[in-house]
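Given next are the chains, with one letter for each unit.
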Amino acid sequence: MLDLKNVSVKYGNFTAIKDINIRVDKGEIVVLLGANGAGKSTTFRTISGLKTPFKGNVLLEDDLIDNKPPDKIVKQGIVQCAEDRKLFPEMSVQENMMMGAYIHRKKKNKIKQTLKEVYKLFPVLYEKRKNPAGSLSGGQQQMLAIGRALMSKPKLMLLDEPSIGLAPLIVEQMFESIKQINKEGTTILLAEQNAHAALSIADKGYVYENGNIVVEGSSKELFANE
Ligand code: ADP
Ligand code: ADP
């Protein structure tokens, strides 16, 4: 589904990722691992159209997307759930959810159906649908960010550090939900520092170090190397 081929990306003169090769097949959960500053977010920014590689290509289902703007990439089915969540705190939970559906705004019935599906996945969002997003707990805000991303019915969801700042019990629930979203048909690319939790749900992973991918393999292989 998604292929990064020999991708290098710079900020000014600084090369943040070097000759990266990543492949995500339809139906998979793939995880990017590595310390802070290793290049995971830069990889996400490149896939979602916020950064253009100076070398290499990004392909979505064999279509070159590395020169496309972010809104085109969303329409093609890749949606990113940002690390800092970017919710609208004054708006209600449901209003935030609806923001995610803007690319389908002419299909009212489809939106209603998707909303139902997301509420089924995260019942707490249904209970709190009329409350301001800013009143939710950290874990609930993360669920809302994921729920909003799902409203666009993505083929591929990019999740940047979904467990950041969450209590261990909530992290476990979050990964269960991610697994469930994947089972229901969304391919997932995940960045995590929490290698253990991420590998427990992933099919395969790539380990970053200073902008390079230094190890790749199935989750089983990476677990063994942990
Ligand atoms: P990670 O997501 O793995 O924490 P990043 O992709 O954010 O890593 O960062 C990779 C490297 O690029 C780091 O050295 C970081 O400081 C640098 N970097 C990230 N964003 C910028 C930016 N906007 N300008 C300059 N350097 C940046
Ligand atoms: P992330 O983990 O998402 O990469 P960071 O904490 O590294 O977040 O960076 C937060 C913001 O600061 C991002 O928008 C990133 O682009 C920017 N940034 C990170 N490193 C640098 C840097 N060395 N120079 C300039 N901007 C940077």
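These numbers come from a predicted model, not from an experiment.

Conventions used here
Residues numbered from 1 in each chain as written. Chains lettered and ligands numbered in written order. Predicted model: local features only at pLDDT ≥ 70, side-chain atom pairs only at ≥ 80, totals over all residues. Heavy atoms only, no water. Pairing = 2+ DSSP bridges. Helix = DSSP H or I, 4+ residues; strand = E, 2+ residues; numbered from the N terminus. Contact = heavy atoms within 4.5 Å. Axes fitted to C-alpha atoms, helices over the stretch in contact; angles between N-to-C directions. Near = heavy atom within 4 Å. Polar contact = N/O pair within 3.5 Å; in protein donor to acceptor, adjacent residues only side chain to side chain. Areas by Shrake-Rupley, 256 points an atom, 1.4 Å probe, with all protein chains shown as cover. Nonpolar A, V, L, I, M, F, W, Y, C, P; charged D, E, K, R; others polar. Patch = residues over 30% accessible without salt bridge, like charges linked within 9 Å, V, L, I, M, F, W, Y side chains within 5 Å. Salt bridge = Lys/Arg side-chain N within 4 Å of Asp/Glu carboxyl O. Lys, Arg positive; Asp, Glu negative; His and termini not counted. Charge placed at Lys NZ, Arg CZ, Asp CG, Glu CD. Buried < 20%, exposed > 50% of the residue type's maximum accessible area, 1.4 Å probe, protein only. Phe/Tyr/Trp six-rings, centres within 6.5 Å; stacked < 30°, edge-to-face > 60°. Lys NZ or Arg CZ within 6 Å of the ring centre and 35° of its normal.

(A) Representation of the sheet that holds strand β5 (residues 63-64) within the structure. With antiparallel pairing, the four strands of this open sheet are ordered in space as β2-β1-β4-β5. At either end of the open sheet lies a strand with only one pairing partner, and these are β2 (14-24) and β5. Where strand β1 (residues 2-11) meets β2, seven bridges bridge the pair, whose relative direction is antiparallel. Looking across to β2, one finds that Leu2 is bridged to Val24. Each of β1, β2 and β4 (55-60) is contacted by helix α1 (residues 40-47), which is oriented at about 110° to β1, the strand it contacts most.

(B) Main features of the pairing of strand β10 (residues 212-218). Sheet topology note: the strand β9 (residues 204-209)/β10 ladder contains six bridges and is antiparallel. Counterpart to Glu209 in the pairing with β10 is Asn212. Hairpin connection, β9 to β10: the antiparallel pair is bridged by two residues, and Asn210 has positive phi, about 45°.

(C) Summary view of the site of ligand 1. Neighbouring residues of ligand 1: Tyr11, Phe14, Ala16, Ala35, Asn36, Gly37, Ala38, Gly39, Lys40, Ser41, Thr42 and Arg45. Side-chain polar atom of Asn36 to an oxygen atom of ligand 1: 3.1 Å apart, as the coordinates give it. At 2.5 Å, a side-chain N or O of Thr42 approaches an oxygen atom of ligand 1. Starting from 560 Å² of accessible surface for ligand 1 in isolation, the protein chains cover 63%. Those elements that provide at least two residues to the shell around ligand 1 are β2 and α1. The element best represented in the shell around ligand 1 is α1, accounting for four residues. Considering only residue class, the shell around ligand 1 consists of five nonpolar, five polar and two charged.

(D) Structural view of a positive patch on the surface. A contiguous patch of positive charge on the surface is contributed by Lys72, Lys75, Arg105 and Lys106. Looking at where Lys75 falls in the secondary structure, it is placed in helix α2 (residues 70-75). The exposed category is assigned to Lys75, whose relative accessible area is 59%.

(E) Geometry of the packing of aromatic side chains. What the rule picks out here adds up to one aromatic pair. Plain terms: the ring middles of Tyr119 and Tyr126 are 5.3 Å apart, the flat faces sit at 70° to each other, and that makes the pair edge-to-face. Above the ring of Phe54, the side-chain terminus of Lys10 is found at 4.4 Å from the ring centroid.

(F) Structural detail: the sheet that holds strand β6 (residues 78-81). The strand order β6-β7-β8-β3-β9-β10 describes an open sheet built from six strands, whose pairing is mixed. Strands with a single pairing partner mark the edges of an open sheet, and in this sheet they are β6 and β10. Shown here is a sheet whose adjacent strand axes are inclined to one another by a mean of 15°, direction ignored. Sheet analysis places strand β3 (residues 29-33) next to strand β8 (residues 187-192), joined by five bridges and oriented parallel. Paired with Leu32 across the two strands is Ala191, which belongs to β8. In the packing of α1 onto the sheet, the strands contacted are β3, β6, β7 (156-160), β8 and β9, and the crossing angle to β8 comes to about 145°. The sheet strands contacting helix α7 (residues 168-183) are β3, β7 and β8, and the helix crosses β8 at an angle near 155°.

It is worth stressing that arrangement in space is one thing and function is another; only the former is reported here.
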